[in-house]
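Commentary on secondary and tertiary structure
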Amino acid sequence: AQSVTQLDSHVSVSEGTPVLLRCNYSSSYSPSLFWYVQHPNKGLQLLLKYTSAATLVKGINGFEAEFKKSETSFHLTKPSAHMSDAAEYFCVVWNTGFQKLVFGTGTRLLVSP
Amino acid sequence: DAGITQSPRHKVTETGTPVTLRCHQTENHRYMYWYRQDPGHGLRLIHYSYGVKDTDKGEVSDGYSVSRSKTEDFLLTLESATSSQTSVYFCAISESGANSGNTIYFGEGSWLTVV
């Protein structure tokens with residue numbers, strides 16, 4: 001069964017510094033992977049998705065993620081953090097057996113001035 | 001943004017009472033989902049629907065039922081609310097299954113407190 005593990009529950013960065021949010025996946029098949037962002041008291045917004053096309057996926061707001069099969073990773077990065085990036089980020093895999101999204105437990109990104 | 005409306009957005013109810021949450025979409029998408037979000041668990045699937053009157057259970061379906069009599073509406077019912085069902089509930093929609101590359105869009109959430 002497909003699953004994802006987010007390696008950090010909290011990540012703190014300073015404004016203007018790079019962001020790295022780590023996600024490892026487990027899947028017997030070529031997975032469909034997603035990153036969603038959730039701002040406080042809001043719904044989830046899709047940042048980007050990987051569906052076996054290019055391994056480097058570009059998303060909204062300057063985020064990108066690289067699919068690395070050899071490392072079973074799908075880490076999210078951004079070159080320069082902005083205060084508005086402070087939110088919770090979820091790495092998600094599509095479970096083909098049960099036709100559902102499987103969520104990681106989330107990483108809270110804190111951005112300080 | 002996808003046209004998804006959840007109602008009510010906030011509700012406090014007493015243990016043992018029935019509660020119905022409504023999800024309404026204007027996108028004419030085939031798939032609709034109900035998730036609950038709890039600290040330390042991410043989002044977990046309660047039920048989903050792949051068409052009118054076609055529904056199936058997710059991983060945390062005990063204590064919940066759903067109905068879909070029209071494409072645009074997906075109702076989640078707690079027959080007899082318990083404190084363990086205090087959570088944030090998210091509706092989501094997709095044109096088809098996400099394994100085909102389609103995106104799943106989420107509503108703004110419904111905060112339910114059972115006292």
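Residues numbered from 1 in each chain as written. Chains lettered and ligands numbered in written order. Predicted model: local features only at pLDDT ≥ 70, side-chain atom pairs only at ≥ 80, totals over all residues. Heavy atoms only, no water.

1. Considerations on the overall build of chain A
Note the threshold: A run of H or I in DSSP counts as a helix once it spans at least four residues, and a run of E counts as a strand once it spans at least two, with each numbered from the N terminus. Two things to know: the radius of gyration comes from C-alpha atoms, and the globule rule equals 2.2 Å times the number of residues to the power 0.38. For the exposure calls, accessible area comes from a 1.4 Å probe over protein chains only, and a residue counts as buried if that area is under 20% of its type's maximum, exposed if over 50%, partly exposed in between. We call two residues in contact whenever any of their non-hydrogen atoms come within 4.5 Å of each other. Only four residue types enter the tally: Lys and Arg on the positive side, Asp and Glu on the negative side, with His and both chain ends excluded. All charge positions are set by atom: Lys at NZ, Arg at CZ, Asp at CG, Glu at CD.
Helix and strand content of chain A: zero helices and twelve strands. Ordered by position in the sequence, the α and β elements of chain A form the string β-β-β-β-β-β-β-β-β-β-β-β. Against the 2.2 N^0.38 benchmark of 13 Å for 113 residues, chain A shows a C-alpha radius of gyration of 13 Å, consistent with a compact globule. For chain A, the spread of C-alpha atoms along the principal axes amounts to about 45 × 30 × 20 Å. Counting the 113 residues in chain A, one finds 45% classified as buried. Counted over contacts in chain A with a minimum sequence separation of 6, partners at least 24 positions apart contribute 55%. Once the 9 positive and 7 negative side-chain charges of chain A are each reduced to a mean point, those two points are 7 Å apart.

2. Side note on the confidence of the model for chain A
Applied cut-off: Every residue is assigned a pLDDT by the predictor, reflecting its confidence on a scale from 0 to 100.
Residues of chain A with pLDDT of at least 70 account for 97%, and the chain-wide mean is 91. When mean pLDDT is taken per element in chain A, strand β3 (residues 19-21) of chain A scores highest with 98 and strand β11 (residues 100-103) of chain A scores lowest with 83.

3. Considerations on the environment of Y33 of chain B
Considering the arrangement of structural elements, one finds Y33 of chain B in strand β4 (residues 31-38). Put simply, Y33 of chain B and E72 of chain B are 39 residues apart on the chain and 12 Å apart in space, counted from C-alpha to C-alpha.

4. A look at the state of the cysteines
Put plainly, a disulfide is one covalent bond tying together the sulfur atoms of two cysteines. Just so we agree on the cut-off: Disulfide assignment relies on a single distance test, namely cysteine sulfur atoms paired within 2.5 Å.
According to the stated counting rule, one finds two disulfides over all chains in the structure shown. One disulfide in the model links C23 of chain A with C91 of chain A; its S-S distance is 2.0 Å. Taking the sign of the torsion about the S-S bond as the criterion, the disulfide between C23 of chain A and C91 of chain A, at about -65 degrees, is left-handed. With C23 of chain A in strand β4 (residues 23-26) and C91 of chain A in strand β10 (residues 87-95), this pair connects stretches of sequence that are 68 residues apart. In this structure, C23 of chain A and C91 of chain A share a single accessibility class: buried. Two residues share a disulfide in this structure: C23 of chain B and C91 of chain B, whose sulfurs sit 1.9 Å from each other. Looking along the S-S bond of the C23 of chain B-C91 of chain B disulfide, the torsion reads about -70 degrees, which is the left-handed sense. Of this pair, C23 of chain B sits in strand β3 (residues 19-25) while C91 of chain B sits in strand β9 (residues 87-94), and the two are 68 residues apart along the sequence. Here C23 of chain B and C91 of chain B have matching classes, each one buried.

5. Examining the sheet that holds strand β7 (residues 64-70) of chain B
Residues and elements named next belong to chain B. What counts, and what does not: Strands pair, by our definition, only if DSSP identifies at least two bridges between them. For every element, the axis is a line fit to its C-alpha atoms; helices are fit only across the contacting stretch, and the angle between N-to-C directions ranges from 0 to 180 degrees.
One open sheet holds the four strands; their spatial order is β1-β3-β8-β7, and the pairing between them is antiparallel. Two strands lie at the open edges of the sheet, namely β1 (4-7) and β7, each paired on one side alone. Here the average twist between neighbouring strands, direction ignored, is 15 degrees.

6. Some points on the interface of chain B and chain A
Operational definition: A side-chain nitrogen of Lys or Arg and a carboxyl oxygen of Asp or Glu constitute a salt bridge if their distance falls within 4 Å. By the criterion applied in these results, polar contacts are pairs of N or O atoms within 3.5 Å in which, for protein atoms, one can donate a hydrogen and the other can accept it, and in which residues neighboring in sequence qualify only through two side-chain atoms. Note on residue classes: Ala, Val, Leu, Ile, Met, Phe, Trp, Tyr, Cys and Pro are nonpolar, Asp, Glu, Lys and Arg are charged, and everything else, Gly too, is polar.
Contacts between the two partners involve 24 residues from chain B and, on the opposite side, 21 residues from chain A. The interface formed by chain B and chain A includes zero salt bridges. Joining chain B to chain A, the criterion identifies four residue pairs in polar contact (both at pLDDT 80 or more). Looking at the side of chain B that touches chain A, the elements with two or more residues in it are β4, β5 (42-51) and β10 (104-106) of chain B. By residue class, the composition of the side of chain B that touches chain A is eleven nonpolar, ten polar and three charged.

7. What about unusual backbone geometry?
Glycine aside, negative phi is the norm for most residues, and most peptide bonds take the trans geometry. The residue after S7 of chain B, namely P8 of chain B, is reached through a cis peptide bond having omega -10 degrees. Tracing the chain through its elements places P8 of chain B in the loop between β1 and β2 (10-13). Positive phi values are uncommon outside glycine, yet N61 of chain A reaches one of about 60 degrees. Along the chain, N61 of chain A turns up in the loop between β7 (56-58) and β8 (64-68). The phi dihedral of K53 of chain B is positive, around 70 degrees, even though this residue is not glycine. On the basis of relative accessibility, which here comes to 66%, the residue K53 of chain B falls in the exposed class.

8. So, the packing of aromatic side chains
In plain terms, the rule: Here is the rule: rings of Phe, Tyr and Trp (six-membered ring for Trp) pair when centre to centre is within 6.5 Å. Planes less than 30 degrees apart are stacked, more than 60 are edge-to-face, and the remainder are tilted.
Evaluation of the coordinates by the stated rule reveals 16 aromatic pairs over all chains. Ring centres of F90 of chain A and F103 of chain A lie 6.0 Å apart, and the angle between their planes is 80 degrees; on these two criteria the pair is classed as edge-to-face. Of the two residues, F90 of chain A is situated in strand β10 and F103 of chain A in strand β11; the sequence distance between them amounts to 13 residues. The burial state of F90 of chain A is the same as that of F103 of chain A; both residues are buried. Measuring from ring centre to ring centre gives 5.6 Å for F103 of chain A and Y35 of chain B, while their planes differ by 75 degrees; the resulting arrangement is edge-to-face. Residue F103 of chain A is located in strand β11, and its partner Y35 of chain B is located in strand β4; the two belong to separate chains. Residue class for F103 of chain A comes out buried when judged on its relative accessible area of 8%. Exposure remark for Y35 of chain B: the relative accessible area of 0% places this residue in the buried category. Clustering of aromatic rings is evident, with ring pairs tying together F34, Y36, F90 and F103 of chain A together with Y31, Y33, Y35, Y48, Y50 and F106 of chain B.

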